[in-house]
There are 2 protein chains.
Amino acid sequence: MLKVVLLGTGGMMPLPDRALASAMLEANGRRLLIDCGEGTQVRIRACGMGFKAIDGVLITHFHGDHVSGLPGLLMSMGNQGREAPLLIAGPPGLVHVVNSLRVIAPELPFEIMFNEIDPASPPPFACAGLEIAPFALRHGMPCLGYRITLNRPGKFLPEQARANGVPLRLWSVLQKQPSAEWEGVNYTREMVLTPPRRGIRVTYATDTRPTDSLLSAAEGCDLLIAEAMFGDPDKLERARESGHMMMTEAARIARDAGAERLWFTHYSPAMPEPGLWLDAARAIFPAAEPGEDGMQIDLPYVEE
Amino acid sequence: MLKVVLLGTGGMMPLPDRALASAMLEANGRRLLIDCGEGTQVRIRACGMGFKAIDGVLITHFHGDHVSGLPGLLMSMGNQGREAPLLIAGPPGLVHVVNSLRVIAPELPFEIMFNEIDPASPPPFACAGLEIAPFALRHGMPCLGYRITLNRPGKFLPEQARANGVPLRLWSVLQKQPSAEWEGVNYTREMVLTPPRRGIRVTYATDTRPTDSLLSAAEGCDLLIAEAMFGDPDKLERARESGHMMMTEAARIARDAGAERLWFTHYSPAMPEPGLWLDAARAIFPAAEPGEDGMQIDLPYVEE
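Residues numbered from 1 in each chain as written. Chains lettered and ligands numbered in written order. Predicted model: local features only at pLDDT ≥ 70, side-chain atom pairs only at ≥ 80, totals over all residues.

1. A closer look at the overall build of chain A
Here's step 1: Along the backbone of chain A there are eight helices and 16 strands.
Here's step 2: The C-alpha radius of gyration computed for chain A amounts to 21 Å, which stays within 12% of the reference 19 Å derived for 304 residues, consistent with globular compactness.
Here's step 3: By its C-alpha atoms, chain A is 70 × 50 × 35 Å across when sized along the principal axes.
Here's step 4: A total of 304 residues make up chain A; the buried ones form 48% of that total.
Here's step 5: Here the analysis covers contacts within chain A between residues at least 6 apart in sequence; of these, 67% occur between residues at least 24 apart. (Helix = DSSP H or I, 4+ residues; strand = E, 2+ residues; numbered from the N terminus. Rg over C-alpha atoms; globule rule 2.2 N^0.38 Å. Buried ≥ 20, exposed ≤ 12 C-beta atoms within 10 Å, placed from the backbone. Contact = placed C-beta atoms within 7 Å.)

2. Some details on unusual backbone geometry
Here's step 1: Cis geometry is found at the peptide bond from Thr206(A) to Asp207(A), where omega equals -10°.
Here's step 2: Notably, Glu183(A) is not glycine yet its phi reads approximately 50°, a positive angle.
Here's step 3: Its location among the elements puts Glu183(A) in the loop between strand 10 (179-182) and strand 11 (185-188).
Here's step 4: Given 5 C-beta atoms within 10 Å, Glu183(A) falls into the exposed group.
Here's step 5: Positive phi outside glycine occurs at Met12(B), with the angle close to 70°.
Here's step 6: Within the secondary structure, Met12(B) is located in the loop between strand 1 (2-8) and strand 2 (22-27).
Here's step 7: We classify Met12(B) as buried; it has 22 C-beta atoms within 10 Å.

3. Description of the domain arrangement of chain A
Here's step 1: Partitioning chain A into structural domains gives domain 1 (2-153 + 196-299) and domain 2 (154-195).
Here's step 2: If you average the C-alpha positions of domain 1 of chain A and of domain 2 of chain A, the two centres end up 39 Å apart. (Domains from an automatic or database assignment.)

4. A word on the environment of Cys127(A)
Residue and element names in this part refer to chain A.
Here's step 1: Within the secondary structure layout, Cys127 lies in strand 7 (residues 125-127).
Here's step 2: Between the C-alpha atoms of Cys127 and Ile148, which are 21 residues apart in sequence, the distance is 9.8 Å.
Here's step 3: Once residues within four sequence positions are removed from consideration, Cys127 is found in contact with Leu32, Asp55, Gly56, Leu87 and Ile132.

5. Here we look at the environment of Val302(B)
Here's step 1: Considering the arrangement of structural elements, one finds Val302(B) in the segment after strand 16 (296-299).
Here's step 2: Separated by 103 residues in sequence, Val302(B) and Gly199(B) have C-alpha atoms that sit 7.7 Å apart.

6. Some points on the sheet that holds strand 8 (residues 130-136) of chain B
All names here are of chain B.
Here's step 1: In spatial order, the strands read 7-8-9-12-13-14-15; together these seven strands make up an open sheet with mixed pairing. On the outer flanks of this sheet lie strand 7 (125-127) and strand 15 (288-290), each paired with one strand and no other. Between one strand axis and the next, the sheet turns through 25° on average, direction left out of account. (Pairing = 2+ DSSP bridges. Axes fitted to C-alpha atoms, helices over the stretch in contact; angles between N-to-C directions.)

7. Let's talk about the sheet that holds strand 12 (residues 197-205) of chain A
Residue and element names in this part refer to chain A.
Here's step 1: In spatial order, the strands read 7-8-9-12-13-14-15; together these seven strands make up an open sheet with mixed pairing. Unpaired on one side and paired on the other, strand 7 and strand 15 (288-290) mark the two borders of the sheet. Sheet twist, expressed as the mean angle between neighbouring strand axes with direction ignored, is 25°.

8. Describing the relation of the copies chain B and chain A
Here's step 1: Overlay of chain B on chain A (RMSD 0.0 Å): rotation 180°, translation along the axis 0.0 Å. Here the transformation between the copies is reduced to the relation of a two-fold axis.
Here's step 2: With an isologous cut-off of 70% or more, the 100% of interface residues of chain B that recur at the interface of chain A puts this contact in the isologous class. (Least-squares fit on C-alpha atoms with pLDDT ≥ 70 in both.)

9. Quick look at the pairing of strand 11 of chain A
Residue and element names in this part refer to chain A.
Here's step 1: Bridge count between strand 10 and strand 11: four bridges; the pairing is antiparallel. Among the inter-strand pairings, Ser179 is bridged to a residue of strand 11, identified as Thr188.
Here's step 2: Joining the antiparallel neighbours strand 10 and strand 11 is a turn of two residues, in which Glu183 adopts a positive phi near 50°.

10. Focus: the interface of chain B and chain A
Here's step 1: Opposite the 27 residues of chain B that make contact, chain A presents 27 residues.
Here's step 2: Going through the elements one at a time, helix 1 (40-46), helix 2 (70-79) and helix 3 (94-101) of chain B are the ones with two or more residues in the side of chain B that touches chain A.

11. Considerations on helix 3 of chain B
Here's step 1: Those residues of helix 3 of chain B lying buried are Val97(B), Val98(B) and Leu101(B). Down the axis, helix 3 of chain B shows its buried residues gathered within 90° of arc, on one side only.
Here's step 2: Residues of helix 3 of chain B that are buried make contact with helix 3 (94-101) of chain A together with helix 2 and strand 5 (86-90) of chain B. (Arc of directions from axis to C-beta.)

12. With respect to the confidence of the model for chain A
Here's step 1: Mean pLDDT for chain A: 96, with 100% of residues reaching 70 or above.
Here's step 2: Overall fold confidence (pTM) sits at 0.93, and the ipTM for the predicted complex is 0.91. (pLDDT = per-residue confidence, 0-100.)

13. A few points about helix 2 of chain B
Residues and elements named next belong to chain B.
Here's step 1: Across the ten residues that make up helix 2, a large majority, eight, are buried.
Here's step 2: For helix 2, the complete set of buried residues consists of Leu70, Pro71, Gly72, Leu73, Leu74, Met75, Ser76 and Met77.
Here's step 3: Contacts from the buried residues of helix 2 go to helix 1 and helix 3.
Here's step 4: The positive-phi residue at the C-terminal boundary of helix 2 is Gly81, with phi of around 80°.

14. A closer look at the pairing of strand 9 (residues 144-152) of chain B
Within a regular beta strand, the side chains point alternately toward one face of the sheet and then the other, so they alternate between its two faces.
Residue and element names in this part refer to chain B.
Here's step 1: With respect to burial, strand 9 is a largely interior element, seven of its nine residues being buried.
Here's step 2: Bridging between strand 8 and strand 9 involves six bridges; their strand directions are antiparallel. If you follow Ala136 over to strand 9, its bridge partner there is Leu144.
Here's step 3: Strand direction decides the pairing type here: strand 9 and strand 12 (residues 197-205), joined by six bridges, are antiparallel. By the bridge assignment for strand 12, Arg147 is matched with Thr203.

15. Considering the environment of Ser216(A)
Here's step 1: Structurally, the position occupied by Ser216(A) is in helix 5 (residues 212-217).
Here's step 2: For Ser216(A) and Ala257(A), which are 41 residues apart along the polypeptide, the C-alpha to C-alpha distance reads 6.8 Å.

Below you can see the structure in the form of structure tokens.
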């Protein structure tokens, strides 16, 4: 099961009733944070979560509303005595930005491991037990989306283990590790398990115009969380100029990618009621939902 | 009249029900902000105030909880199209800290005027129509308190103007400017006004141990806003080590300085109910009030 919590859904500036856009993913007790604007640490607490289980923070880009809360979060983690290293991943310039912001958090009792990701050919990596595939977005500055997968191993089949002559004592071992040796013979996971099953896939994309990379990263995902800065069709030109998406554009991505669910986030501060513009988006993708601060879902494994 | 709004009352880290300590002062439609932690801009909005009338920001020191919200506030001011310059005052290092934080707010449509204040001999200055007298505190890093005065001119006395031979046409002019000339003769404000009357004085002090400088800056003030990180008498040693005050220590300052009112602020996150420790403080200074987020007062001129 993969839990997804929308900590905030606002773009540009935090409002009293709408925090800056960010999300927490949780699987097997480990957490991964996406973006950390001013107030995100408070939203984490307000949503009943602590900081200790956060293994990594993925930054989409360096506009202030996506990263302004990072020094505060680092300080609070430090004040709580964190010792475990924290991974921070983001576009090129990450180390400079984080270290500049750390002018007010110079001493931390834990290590930061940086992953500066080249948007041109971003390699996947692992954090919090999740597989993370970054992809380039189009926003007027280097910006990354993230496709996050909770992988699911194959199913254990005793008859397959027996047919492959795997000793009984290795049956459980090979469900936990890729290979094991017994009496000079090497046995592999594939001898006891079916091929890996479909995992759970979440694609997160702020801030961006519609792109092929997003379409491809959203393909067949269980949940697409996509920015929808504007709803009003009159704002299309403004969306194009500022590198943002309309709700209907995000809906088309979800439809064309065959996504299961679509949540909008990162609303313009000038759009107090995103629900007003929902009909046009649902005409394209009926399962579209306007994200709200604190909205969450437990995504289950799906049998194919 | 001088309005004072406690935007937040928390120390160290923002909590869902307690924002980081900061205060807004307002007189004649102009505003002055003291400290700007993560979330302060949201608290300004939540308290029904905008950013446009803010002429200056006073920073007490560079621990993150007092300054982490500055880049976000600057961005939001910029997004609203501010063009008027903004004064930012604080201890030495101010320019470096603010410019480092501005890595995420590099372009602003308004000018920042810095006032790096030497704690050893801090000169008074003016902002938002208020007189600001900084003073050194003791907190393990350079830290400033601020005594803020809304000055009140003398009273206009027609009989005095007449006795000094001031022409009638200059009576109202000299209530607005220090001097004026008519038919080759120079007339001064003092010819029509009594000496300046008692103004309204607010003293703000976070973070600090009790100091003589604070006692002196709080002398006869209408309102002392003082940090009270701890209430529990068992925490005295901790307060000494960390450069903070007990409620009772702040109460003694208020009593010895002859302050009219005392509001506590900047509570430890480990102290959810500051009111629990109020009795001991009120035994020393009966008018002590535990500050709360959003608490405000309109301080009137007092006739002497």
